[in-house]
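# Survey of secondary and tertiary structure
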Amino acid sequence: MSDATWHSAGIDRVILTEEQIREKTEELAKLVAADYADAESLLLVGVLKGAVMFMADFARVLGRYGPPVELEFMAVSSYVQGTTSSGVVRILKDLDREIAGRDVLVIEDIVDSGLTLSWLLKYLKTRSAASVDVVALMRKPAAIKVQVPVKYVGFDLPNDFVVGYGLDYRERYREMPFVGVLKPSAYNTP
Ligand code: PRP
């Protein structure tokens, strides 16, 4: 789809272009590779579904610079409906394996209220990982409700509801290769 087609599909403006995302992913992967240069391996834990695009791109770049990686996924939900966080976190899909003794890197698309990540970090600690750090492509400082330590942050965004590159509005727009803001009219479409 061209950008013009996305526009007619409800996108008001682009917040992060494909190129900005690609460059930032490279930058973050190099930082992580340097910090984990002595690690035997790194376990990436992606938070479905939003992080799927970033996880895939980040892992591929990290593979060029860093230690061998393994991929795990969890699915948790903190949004009930609509456009704001509810604070309710549920496990929809748990880890498939034990992570005791492993260096774990949580891969998040966005930290909004921080509720999901705050819960997840506590949970991962109970699973006895050797270390747990976080890479988040995006963060919304104005939306934060719980302070969470995010070691690697790509972009700080304004407090707009954003979609694309994994982020959805009612399960749509995840496949968009860039991040954008919806037109108000798009909220009313079925
Ligand atoms: C989004 C996003 C983060 C979380 C951030 O996921 O992918 O995981 O919300 O919000 P928070 O900081 O306010 O907790 P969501 O729960 O919408 O599920 P999804 O990734 O499947 O869309």
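Structural data are supplied above this passage.
Residues numbered from 1 in each chain as written. Predicted model: local features only at pLDDT ≥ 70, side-chain atom pairs only at ≥ 80, totals over all residues. Heavy atoms only, no water.

### Some details on the overall build of the chain
Helix and strand counts for the chain stand at four helices and nine strands. Helices and strands in the chain line up, N terminus first, as α-β-α-β-α-β-β-β-α-β-β-β-β. Split into buried and exposed, the 190 residues of the chain put 48% on the buried side. At a minimum sequence separation of 6, the contacts of the chain that also span at least 24 residues come to 69%. Carbon and sulfur atoms make up 52% of the accessible area of the chain, which totals about 9400 Å². (Helix = DSSP H or I, 4+ residues; strand = E, 2+ residues; numbered from the N terminus. Buried < 20%, exposed > 50% of the residue type's maximum accessible area, 1.4 Å probe, protein only. Contact = heavy atoms within 4.5 Å. Areas by Shrake-Rupley, 256 points an atom, 1.4 Å probe, with all protein chains shown as cover.)

### Considering the environment of Glu 108
You can see Glu 108 is positioned in strand E5 (residues 103-111). Taking the C-alpha atoms as reference, Glu 108 lies 9.7 Å from Lys 49; in sequence the two are 59 residues apart. Once residues within four sequence positions are removed from consideration, Glu 108 is found in contact with Val 47, Ala 51, Phe 54, Thr 116, Leu 117, Val 135, Ala 136 and Leu 137.

### Structural notes on the pattern of salt bridges
Counted under the stated rule, the structure contains 18 salt bridges. Residue Asp 112 is joined to Lys 140 by a salt bridge in which the shortest nitrogen-to-oxygen separation is 3.6 Å. You can see Asp 112 sitting in the loop between E5 and helix H4 (115-126) and its partner Lys 140 sitting in the loop between strand E6 (131-139) and strand E7 (152-156), a full 28 residues away along the chain. Across this residue pair, the class does not change: Asp 112 and Lys 140 are buried. Through salt bridges with shared partners, one network takes in Lys 49, Asp 168, Glu 171 and Arg 174. (Salt bridge = Lys/Arg side-chain N within 4 Å of Asp/Glu carboxyl O.)

### Some details on the sheet that holds strand E9 (residues 179-182)
Strand order in the open sheet formed by three strands is E1-E9-E8, and the pairing between neighbours is antiparallel. The sheet terminates laterally at strand E1 (11-16) and strand E8 (162-163), the two strands that pair on one side only. Where E1 and E9 come together, four bridges link them in antiparallel fashion. Bridging across to E9, Arg 13 finds its partner in Val 181. (Pairing = 2+ DSSP bridges.)

By themselves these figures say nothing about function.
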